[in-house]
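Structural overview
Residues per chain, in single letters:
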Amino acid sequence: GNYVASGSSDRSIRIWDMSSGGCVRHLTGHKGAVTSLVFSPHGHLLVSGDEAGIILVWDMSTGTHAATLSNHTAAVTTLAMSREGGTVVSGGMDCLINTWDLAFVVDNMENELANEDVLINKSRTKDSPLLYVG
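Rules and cut-offs
- Residues numbered from 1 in each chain as written.
- Predicted model: local features only at pLDDT ≥ 70, side-chain atom pairs only at ≥ 80, totals over all residues.
- Heavy atoms only, no water.
- Helix = DSSP H or I, 4+ residues; strand = E, 2+ residues; numbered from the N terminus.
- Buried < 20%, exposed > 50% of the residue type's maximum accessible area, 1.4 Å probe, protein only.
- Contact = heavy atoms within 4.5 Å.
- Areas by Shrake-Rupley, 256 points an atom, 1.4 Å probe, with all protein chains shown as cover.
- Pairing = 2+ DSSP bridges.
- Axes fitted to C-alpha atoms, helices over the stretch in contact; angles between N-to-C directions.

A few points about the overall build of the protein
Check the secondary structure of the protein and you find two helices and 11 strands. Reading the protein from its N end, one meets helices and strands in the order β-β-β-β-β-β-β-β-β-β-α-α-β. Counting every position in the protein, which comprises 134 residues, the buried fraction comes to 43%. Contacts spanning at least 24 positions in sequence make up 37% of the contacts within the protein whose residues lie at least 6 apart. With the model as given, the accessible surface of the protein reaches about 7200 Å², and the carbon-plus-sulfur share is 49%.

And the structure:
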């Protein structure tokens, strides 16, 4: 189906069915307001970022938290997914741009992951915490 996700200052995410207009999932687990969201290309995963700098990966087939990615020290302001869904890029108010190996996360959902296992690249922007994606 066609779904849309909304993040809120109450630290939760709601998944809405566009056909019925109803809320079909309510996801909780963030420590701060949810500031960014991106679905994987096929809708199997949702990646969310919050004002505390934490990124959560959600398995949409079960509605469960699959992984935590934490390398930001301030709010995650943007998330972008690669076309094939294997990589996600996060940008934050700490002027960091992180590239994450989402394919590795998917292959290891049952295991506890360390940041060094999934962080492909980290770079700092010079003047602006903004990441432009298109």
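Section: the sheet that holds strand E4 (residues 34-39)
Reading across the sheet, the four strands line up as E4-E5-E6-E7 and stay open at both edges, with antiparallel pairing between neighbours. Lying at the two open borders of the sheet, with one neighbouring strand each, are E4 and strand E7 (64-70). On average, adjacent strands in this sheet sit at an angle of 20 degrees to one another, irrespective of strand direction. Here six bridges tie strand E6 (residues 54-59) to E7, and the two strands are oriented antiparallel to one another.

Considering unusual backbone geometry
Notably, Arg11 is not glycine yet its phi reads approximately 70 degrees, a positive angle. In this fold, Arg11 is placed in the loop between strand E1 (3-7) and strand E2 (12-17). One non-glycine residue with positive phi stands out, namely Cys95, at about 65 degrees. The residue Cys95 is located in the loop between strand E9 (87-92) and strand E10 (96-101) in this model. For Cys95, a relative accessible area of 17% gives the class buried.

A few points about the pairing of E6
Of all six residues making up E6, five are buried, and the element is well covered by its neighbours. Between strand E5 (residues 45-50) and E6, which pair antiparallel and follow one another directly, the connecting turn spans three residues, one of which, Gly53, has a positive phi of 90 degrees. Here E6 folds back onto E7, and the loop between the two strands holds four residues, one of which, Gly63, carries a positive phi near 75 degrees.

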